[in-house]
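Spelled out from the first residue to the last, the chains are:
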Amino acid sequence: MTFFEWLKDQVKRDDLVGDIARDIIDDARINSLDYQTVKEWKQRVEFQTSSEAVLKAFKLAQREYSAQLKS
């Protein structure tokens with residue numbers, strides 16, 4: 001499962017991961033982006049903002065995704 005596919009499954013969450021998932025899914029739709037990997041989305045998020053809250057949410061999502069891959 002790609003990071004983007006995993007994010008699609010997180011959009012209904014009522015927490016930071018759900019927030020960043022919705023933002024990324026909306027960004028992909030609005031801008032016709034086909035990014036799939038953590039690396040691609042990390043570069044996109046860091047390019048778009050320097051907000052500590054957004055970067056924190058992304059790192060949290062990244063950690064959860066990585067943990068799921070290992071299990």
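Refer to the structure presented above.
Residues numbered from 1 in each chain as written. Predicted model: local features only at pLDDT ≥ 70, side-chain atom pairs only at ≥ 80, totals over all residues. Heavy atoms only, no water.

(A) Structural detail: the overall build of the chain. Tallying secondary structure elements over the chain gives four helices and zero strands in all. Taken from N to C terminus, the helices and strands of the chain fall in the order α-α-α-α. Taken over C-alpha atoms, the radius of gyration comes to 11 Å for the chain, in line with the 11 Å a tight globule of 71 residues would show. Expressed along its principal axes, the backbone C-alpha trace of the chain runs to roughly 30 × 25 × 25 Å. Relative to its full complement of 71 residues, the chain shows a buried share of 32%. Sequence-distant contacts, at least 24 apart, represent 50% of the contacts inside the chain between residues at least 6 apart. Placing the 12 positive and 13 negative side-chain charges of the chain at their respective mean positions leaves the two points 3 Å apart. (Helix = DSSP H or I, 4+ residues; strand = E, 2+ residues; numbered from the N terminus. Rg over C-alpha atoms; globule rule 2.2 N^0.38 Å. Buried < 20%, exposed > 50% of the residue type's maximum accessible area, 1.4 Å probe, protein only. Contact = heavy atoms within 4.5 Å. Lys, Arg positive; Asp, Glu negative; His and termini not counted. Charge placed at Lys NZ, Arg CZ, Asp CG, Glu CD.)

(B) Just the nonpolar core, in detail. F3, W6, L7, I24, W41, F58 and A61 are the most contacted members of the largest nonpolar core, which has 19 residues in total. When residues of this core are traced back to their parent elements, those giving at least two are α1 (3-8), α2 (16-30), α3 (38-48) and α4 (52-70). Examining the composition of this core, we find that six residues originate from one element, α2, more than from any other. If we ignore the near neighbours within four places in the chain, the residues touching W41 are F3, F4, I24, D27, A28, L33, Y35, Q36 and F58. (Core = buried A, V, L, I, M, F, W, Y, C linked by side-chain atoms within 4.5 Å.)

(C) Molecular detail of the side chain of D27. Structurally, the position occupied by D27 is in helix α2. Side chain to side chain, D27 and N31 meet in a polar contact 2.5 Å long. Discounting residues that sit within four places of it in the chain, D27 has contacts with S32, L33, W41 and R44. (Polar contact = N/O pair within 3.5 Å; in protein donor to acceptor, adjacent residues only side chain to side chain.)

(D) How the structure looks around α4. Here α4 is 19 residues long and its end C-alpha atoms lie 27 Å apart, about the 27 Å a rise of 1.5 Å per residue gives. Taken as a whole, α4 has its buried residues at L55, A57, F58, A61 and Y65. Viewed along the axis of α4, the buried residues span an arc of 160°, placing them on a single side of the element. Looking at α4, the residues exposed on the side facing more than 90 degrees away from the buried face are E52, A53, K56, R63 and K70. For α4, the elements touching its buried residues are α1, α2 and α3. (Expected span 1.5 Å × (residues − 1). Arc of directions from axis to C-beta.)

(E) Region of the structure containing the packing of α3 against α4. Relative orientation of the contacting elements α3 and α4 amounts to 175°, with a least axis distance of 11 Å. What the angle tells us is that α3 and α4 run roughly antiparallel. Facing V38, W41, K42, V45 and E46 of α3, the residues of α4 in contact are V54, L55, F58, Q62 and Y65. Residue classes in the contact of α3 with α4 are distributed as seven nonpolar, one polar and two charged. (Axes fitted to C-alpha atoms, helices over the stretch in contact; angles between N-to-C directions. Parallel < 35°, antiparallel > 145°, perpendicular 65-115°, else oblique. Nonpolar A, V, L, I, M, F, W, Y, C, P; charged D, E, K, R; others polar.)

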